[in-house]
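What follows is each chain in one-letter form.
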Amino acid sequence: DHRDPKRVGSVGRPLAGVEVRVVDPDTGIDVEAGSVGELWVNTTQHVGEGWLHTGDLARQDTDGYIYPSGRLKDTINRGGEKFGPVEVEDAIRTHPAVSDVAVAGITDDEMGQRVGAAVVARSALTLEELRTHCRDLIAYFKLPERLKVVDHIPYNDTGKVNRRQLAALIADGT
C-alpha cells in the first residue's frame, strides 16, 4: 500500500520485528511525526547493541510510513539552520527551465555554508529567477545563493550525487 498516490516518496512501513525512530541527530530525542530527522533502526538482526544510527535522514508520518530525504552527512548548515539538499532540489526542479539539479552546502566564512545549486538548464536561467520561483515553495534560508549552470550533474558510479565534487564545482567559477 506504500504505492498509493497519496504516499508518493514513501518506502513503506517497517517490517515486522523492525523498530524505527526518527530523531534529532544532535539530541537523540524523537522528532514529531512529519518532521525530518535521522533514522534509527533496532532489530534482532542488528549485530550491535541498541539502536543503529543509519546516517539517513527521513520523516515518518502518523501512519508509520517512512519518507527518505537524504543523508545526514549532506546536511547544509546555513547560519545554524540545518536542512537537507533534497527539499531544495525538489523545489528547483519544478522550474520549467530546469532539466536536472543538485544542491550542496558551499563553505562560507560568515554563514558556515551557503546554498549552492548546479542546474542543467533547458533555457537561460538566472539565480534571481530561480530564487523568485522557489520563494513560495521553501523557507527563505533554503533559497539558492549560488548557481552554476552545467552540462551534467556529477553522479558517482551508483547514481548518487557526489556532494563534495558538486560543492567544489559550484564554488569554482560562481
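Each value, and the rule that gives it
- Residues numbered from 1 in each chain as written.
- Predicted model: local features only at pLDDT ≥ 70, side-chain atom pairs only at ≥ 80, totals over all residues.
- Heavy atoms only, no water.
- Core = buried A, V, L, I, M, F, W, Y, C linked by side-chain atoms within 4.5 Å.
- Buried < 20%, exposed > 50% of the residue type's maximum accessible area, 1.4 Å probe, protein only.
- Helix = DSSP H or I, 4+ residues; strand = E, 2+ residues; numbered from the N terminus.
- Contact = heavy atoms within 4.5 Å.
- Pairing = 2+ DSSP bridges.
- Axes fitted to C-alpha atoms, helices over the stretch in contact; angles between N-to-C directions.
- Salt bridge = Lys/Arg side-chain N within 4 Å of Asp/Glu carboxyl O.

1. Overview of the nonpolar core
Now for step 1: Core analysis: the largest hydrophobic core is formed by 19 residues, its most contacted members being V88, I92, V98, V103, V119 and L130.
Now for step 2: Elements represented by at least two residues in this core include exactly α1 (85–93), β7 (98–108), β8 (112–121) and α2 (127–134).
Now for step 3: Apart from residues lying up to four places away in sequence, V88 is in contact with F83, V103, V115, I138 and K142.

2. Describing the sheet that holds β7
Now for step 1: Ordered in space as β7-β8-β9, the three strands form an open sheet in which the pairing is mixed. Edge positions in the open sheet fall to β7 and β9 (146–149), since each of these has one partner strand only. Averaged over all adjacent pairs, the angle separating strand axes in this sheet is 25°, with direction ignored.
Now for step 2: α1 contacts β7 and β8 of the sheet and is inclined by roughly 140° relative to β7.

3. So, the pattern of salt bridges
Now for step 1: In the structure shown here, the tally under the stated rule is 14 salt bridges.
Now for step 2: One salt bridge connects D30 with R21, and the closest N-O pair in it is separated by 2.6 Å.
Now for step 3: By relative accessible area, which is 43% here, D30 ends up partly exposed.
Now for step 4: Connected via shared salt-bridge partners are R78, D108, E110, R114 and E145.

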